[in-house]
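Breakdown of the fold
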Amino acid sequence: MQTIEVKTKSRPSTVYCGKGAAEKARDILRGKDVFVVTDANVFRLYEKWAGDMFGDAPICVVPAGERHKNRGTLFAILDKMLDARLNRGSVLVALGGGVVGDMAGLAASLYMRGIHAVQVPTTLLAQVDSSVGGKTAIDHRGVKNVIGAFYQPEYVLCDPMFLHTLPPRELRCGLGEIVKTGALDADILDKLEKNSDRLFDLSFMEDVTADCVRFKAGVVEKDECERNGLRKCLNMGHTTGHALELFYGRRSHGEYVLIGMYFESIIAERKGVCSRVYAEQLRALIQKVIGRIPKFRNIGEAARVALFDKKNEGKNEVSLILPKTRGGFAEAKLSIGDYVGMIEEIGGGVL
Ligand code: ADP
Ligand code: ZN
């Protein structure tokens, strides 16, 4: 098990990563007034484990899935916290994937202006990405993560034990963010390429999770609240990926991020930002995770719709984080017309 400190200004967090990390909850929570939030799927799978670990602490079980990441569920959690008479010394434990982490983290930040939070991420995506860095949120009026806060958990417990029950779709989803991290860190990229035939082995995922957490901790320390632009690099592949996710919505977030990176690597090559050799290396790795990239019908419309979402209103250009060299990236600004035209050609199978 590895210990990774995230030295953020607001409040430092400690991440335990590897076998036995979840058991750390015993020491951390001893003698504390604990409140657990989880979702119905995780509860079904880990009810007994949670009973052993958290004793008779109240467990608030919310319905699973992003469509429940809304104010109704948030306020249901806050109501239960009030019913349980939590106080400023209480600890909220978020046991689940990114949805539970986001929503329970926000509840912890709001209740009495903030109580202690411990994240126990149970999906690969949450372990390598969303549980570290303190982003919490709910969706509102169709806009993703529009109501939220930066609120660092005191501890994050990333335990590979939880990955054994994850369906393949969820593993591919997490691998999406892992490959993205590889494109931002040459050592992680080397490791992914060397192990490209065992990307789906749980032992490999366990090993690379700690690398990804360390990388993310470094970025978050330099730009906790997304103010100076450093944290932006984490959005590689996300502009296009997000457009596809919104419009087509069948695959997981991480898979769309990979497809987004695939298309954007072609844009990077065309714009002279990165060499063909490197772009091809990245695309080969992406295909190891998701196989052949399909053609997308109406992809130009998908891109346009996403760019005119409520957060982007009024902007005429698109900012992309493009791969440049192994582990290096460059921000490129393209006009919407230029971007949509290229995405149409690349993703619509015009070529
Ligand atoms: P993500 O972490 O990908 O953002 P969610 O929080 O929605 O997304 O989790 C994805 C799905 O996986 C949900 O249906 C959730 O209940 C389920 N899930 C979470 N953790 C596990 C686990 N360890 N084993 C099996 N299913 C899980
Ligand atoms: Zn993402």
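Conventions and cut-offs
The numbers attached to residues start from 1 for each chain and follow its sequence in the written order. Numbering of ligands from 1 and lettering of chains from A proceed in the order in which they are written. pLDDT decides what is reported in this predicted model: residues at 70 or higher carry local features, side-chain atom pairs at 80 or more are listed and counted, and totals for whole chains, interfaces and linings draw on all residues regardless. The basis for every side-chain value is the complete set of heavy atoms in the structure, and neither hydrogens nor water enter the calculation. Helix and strand assignments come from DSSP, with helices taken as H or I runs of at least 4 residues and strands as E runs of at least 2, each series counted from the N terminus. Only C-alpha atoms enter the radius of gyration; for comparison, a globular chain is expected to reach 2.2 Å times N to the power 0.38, where N is the number of residues. Every residue pair with non-hydrogen atoms within 4.5 Å of one another is taken to be in contact. Computed by Shrake-Rupley with a 1.4 Å probe, the accessible areas treat only the displayed protein chains as cover when residues are assessed. Burial here depends on accessible area, computed with a 1.4 Å probe over protein chains only, as a share of the maximum for the residue type. Under 20% is buried, over 50% is exposed, and the range in between is partly exposed. This arc corresponds to the set of directions leading from the helix axis out to the C-beta atoms. Fitted lines through C-alpha atoms serve as axes, helices being fitted only where they are in contact, and the angles separating the N-to-C directions of these axes extend from 0 to 180 degrees. We call two directions roughly parallel when the angle between them is under 35 degrees, roughly antiparallel when it is over 145, roughly perpendicular when it lies between 65 and 115, and oblique otherwise. Note on convention: the crossing is left-handed when the near helix lies turned anticlockwise from the far helix by less than a right angle, right-handed when the turn is clockwise. For Na, K and Ca the donor cutoff is 3.2 Å, while for all other metals N, O and S atoms must lie within 2.8 Å; water is not among the atoms, so some sites may look incomplete. Strands are labelled as partners when DSSP assigns at least two bridges between them. For this classification, Asp, Glu, Lys and Arg are treated as charged, while Ala, Val, Leu, Ile, Met, Phe, Trp, Tyr, Cys and Pro are nonpolar and the rest, including Gly, are polar. A pairing counts as a salt bridge when a side-chain nitrogen of Lys or Arg comes within 4 Å of a carboxyl oxygen of Asp or Glu. A patch is a set of surface residues, each over 30% in relative accessible area and not in a salt bridge, joined within 9 Å for like charges and within 5 Å for the nonpolar side chains Val, Leu, Ile, Met, Phe, Trp and Tyr. Here a residue counts as near a molecule or strand whenever at least one of its heavy atoms sits within 4 Å of it. Counting of polar contacts relies on pairs of N or O atoms within 3.5 Å, with two restrictions inside protein: one atom must be capable of donating a hydrogen and the other of accepting it, and residues adjacent in sequence are counted only when both atoms are side-chain atoms.

Topic: the overall build of the chain
Tallying secondary structure elements over the chain gives 13 helices and 11 strands in all. In terms of C-alpha radius of gyration, the chain reaches 20 Å, essentially the compact-globule figure of 20 Å for 351 residues. With respect to the three principal axes, the spread of C-alpha positions in the chain is 60 × 45 × 35 Å. Across the chain, every contact between residues at least 6 apart in sequence was considered, and the portion connecting residues at least 24 apart equals 72%. For the chain, the accessible surface area stands at approximately 15700 Å², while carbon and sulfur atoms represent 50% of it.

Some thoughts on unusual backbone geometry
Despite not being glycine, Met 112 has its phi angle at roughly 50°, a positive value. Phi is positive for Asn 145, which is not a glycine, with a value near 55°. Tracing the backbone shows Asn 145 in strand β8 (residues 143–150). Residue class for Asn 145 comes out partly exposed when judged on its relative accessible area of 33%.

Description of helix α7 (residues 186–194)
Three or more residues of α7 are buried, namely Ile 188, Leu 189 and Leu 192. Taken around the axis of α7, the buried residues stretch over an arc of 100°, which confines them to a single face. Counted as exposed and oriented over 90 degrees from the buried face of α7: Asp 187 and Lys 194. As for α7, its buried residues are in contact with α6 (168–184), α8 (202–222) and α11 (276–290).

Focus: the packing of α6 against α7
Where α6 meets α7, the closest approach of the two axes is 6 Å, and the angle between their N-to-C directions is 125°. Relative to α7, α6 is oriented oblique. The two elements α6 and α7 meet at a crossing, and its hand is left-handed. Contacts between α6 and α7 pair Ile 178, Val 179, Thr 181, Gly 182 and Leu 184 from the former with Ala 186, Ile 188, Leu 189 and Leu 192 from the latter.

Considering the coordination of the zinc ion (ligand 2)
Note on the zinc ion (ligand 2): its protein donors are Glu 177 (OE), His 238 (NE2) and His 253 (NE2). The metal-donor distances range over 1.9 to 2.1 Å. On the primary sequence, the residues serving as donors to the zinc ion (ligand 2) are separated as E-x60-H-x14-H. Within this pair, whereas Glu 177 is found in helix α6, its partner His 238 is found in helix α9 (residues 238–247), the two being separated by 61 residues in sequence. In this pair, the class of Glu 177 matches that of His 238, namely buried.

Remarks on the pairing of strand β9 (residues 155–158)
When strand β2 (residues 13–17) meets β9, the two strands line up parallel, connected through four bridges. Its bridge partner lying in β9, Val 15 is registered against Val 156. Judged from the two bridges that link them, strand β6 (residues 116–121) and β9 form a sheet pairing that is parallel. Following the sheet pairing, Gln 119 is matched in β9 by Val 156.

Overview of the packing of helix α10 (residues 253–270) against α11
In a packed pair of helices, the relevant descriptors are the angle between the two axes and the axis-to-axis distance. Contact geometry of α10 with α11 gives a least axis separation of 10 Å together with a crossing angle of 165°. As far as their axial angle goes, α11 and α10 are roughly antiparallel. Once α10 is placed against α11, the crossing between them reads as left-handed. Where α10 abuts α11, its residues Glu 255, Leu 258, Ile 259, Met 261, Tyr 262, Ser 265, Ile 266 and Glu 269 lie against Arg 276, Ala 279, Leu 282, Arg 283, Ile 286, Gln 287, Val 289 and Ile 290. Among the residues forming the contact of α10 with α11, the class breakdown is 10 nonpolar, two polar and four charged.

A look at the pattern of salt bridges
The full count for this structure, using the stated rule, is 28 salt bridges. A salt bridge links Glu 193 to Arg 326; the nearest nitrogen and oxygen atoms lie 2.7 Å apart. One end of the pair, Glu 193, is in helix α7; the other, Arg 326, is in the loop between β10 (317–323) and β11 (329–335), and 133 residues separate them in sequence. Exposure remark for Glu 193: the relative accessible area of 28% places this residue in the partly exposed category. One salt bridge connects Arg 251 with Glu 255, and the closest N-O pair in it is separated by 3.6 Å. Judged by relative accessible area, Arg 251 falls into the partly exposed class, the value being 25%. Bridged by salt links that share partners, the residues Glu 66, Lys 69, Asp 102 and Asp 139 form one connected network.

Concerning a nonpolar patch on the surface
Taken together, the side chains of Leu 246, Phe 247 and Val 305 present a nonpolar region at the surface, about 260 Å² in accessible area. Inspection of the secondary structure puts Phe 247 in helix α9.

Comments concerning the site of ligand 1
Taken together, 16 residues are adjacent to ligand 1, and Asp 39, Gly 98, Thr 122, Thr 123 and Thr 165 come closest. Between an oxygen atom of ligand 1 and a side-chain N or O atom of Asn 41, the distance comes to 2.9 Å. Notes on ligand 1: free accessible area 570 Å², of which the protein chains cover 86%. Here the shell around ligand 1 gets four residues from one element, more than from any other, and that element is helix α2 (residues 40–54). Classifying every residue of the shell around ligand 1 gives eight nonpolar, six polar and two charged.

Overview of the side chain of Asp 129
Here Asp 129 is to be found in helix α5 (residues 124–130). The class for Asp 129 is buried, based on a relative accessible area of 14%. When residues no more than four places from it in sequence are discounted, the contact partners of Asp 129 are Glu 177, Lys 180 and Lys 216.

Interpretation note: all reported values are geometric properties and have no functional meaning in isolation.
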